[in-house]
Amino acid sequence: MDAEQLHRRREQRALERRRRHARRRMTALGALAVVLVVAVVVIVSAGSGSNPKPAAGAGADGSGGAAIASPASPSAAGHVTHATARRHHGQSTAAVLGPATGKPGTASVPVLMYHVIAAPPGGAPYPGLYVQPQEFAAQMAALKSAGWRAVTLDQLRAYWAHGAKLPPGKPIVITFDNGYHSQYTQALPVLRRMGWVADENIQLTGLPPSQGGMTTGQVRALVDDGWELDTQGISHADLATADAAELHYQVASARQILRRRYGVPVDWFCYPSGQYNPSVIAAVRSAGFVGSTTVVPGWAGPSTDPYTLPRLRVLGGTSPAGLLAQIASARTAPAPAGSYVTS
């Protein structure tokens, strides 16, 4: 092999070595790029928030239920009411209040009672229980203008017992009975716009969605929005005529079912049709409820028997001024008696 051939072979070998080196360098750079991309993704994901999106098929509470959309207008995005700001799953609505002063509150408070927020259909057996949506919105606006601010029964109890600080204004409790669908579609958006909450006295059976009742998801949406969930029992039965077994079923079982289903305390009972007597009160107390509401008009105060709290029924056709007058006139009404039986 002459010198020229030997020189060419050496150049060829050197060229191959440079090519192998270049390939190794490119492979190393590619691997480094992959590592950098993965690191960026991890950092961005970690900084995007502490509430990961549920897996497909999981509900908002991780229970596996379908996601529930909030009522249209206004959007719930970014909206936080005083009742939802610091409340956690399983807590009383009183948990959102500030530290207690230790000095029990002394103010008496009106408790309003609503049923259907809709126009009464033809032939409705109790048309007075239907308050039209525009009436309800006007009534709430009038309450706010007059200085009232909605609180829940749990918050009211914390105020009376421990001096918990309520939202600024005159406290008032707004309750809804039975669990009608219109309470979700009509009342919730109005109260949400105002940053107000309410108490839902749900009954477990007898009012299916086909008859205007709320679905489980809609009840859960009320709870998620800061409403307090209480109950009228299983089927809105006349408890004053029930035996001990039926009382336990209607009262204690209702509370147990709702606590498991929605993960909330359910601390207040609402007497169906207002009917109660000492046996009913004893069953309510035995079931662990801290109090009950009636249909007897008046204001509730810290010295009122917690198992016979009065309420003001708001009927259809009540003007905003008429509601304010109704509230004012009931302030001096006598406390409910130990029994209320109309049949």
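What comes next is a walk through the structure. (Residues numbered from 1 in each chain as written. Predicted model: local features only at pLDDT ≥ 70, side-chain atom pairs only at ≥ 80, totals over all residues. Heavy atoms only, no water.)

**Re the pairing of strand S3 (residues 170-178)**
Burial analysis of S3 places eight of its nine residues in the buried class, the great majority of the element. Sheet topology note: the strand S1 (residues 109-114)/S3 ladder contains four bridges and is parallel. The residue of S3 that forms the bridge with Leu112 is Ile174. The sheet contact formed by strand S2 (residues 148-151) and S3 spans four bridges and is parallel. Counted as the bridge partner of Arg149 is Pro171 from S3. Viewed along the sheet, the connection from S2 through helix H3 (residues 153-162) into S3 turns out right-handed. Bridge count for S3 against strand S4 (residues 199-203) is four bridges, and the pairing is parallel. Note that in S4 the partner of Asp177 across the bridge is Asn201. (Buried < 20%, exposed > 50% of the residue type's maximum accessible area, 1.4 Å probe, protein only. Helix = DSSP H or I, 4+ residues; strand = E, 2+ residues; numbered from the N terminus. Pairing = 2+ DSSP bridges. Right-handed = clockwise from strand over helix to strand, strands pointing away.)

**Focus on the environment of Gly233**
Along the chain, Gly233 turns up in strand S5 (residues 228-233). A residue is classified by how much of its surface remains accessible, and Gly233, at 0% relative accessible area, is buried. With 28 residues separating them along the chain, Gly233 and Thr205 place their C-alpha atoms 8.7 Å apart. The contacts of Gly233, once residues within four sequence positions are left out, are Ile202, Gln203, Leu204, Gln250, Ala254 and Phe269. (Contact = heavy atoms within 4.5 Å.)

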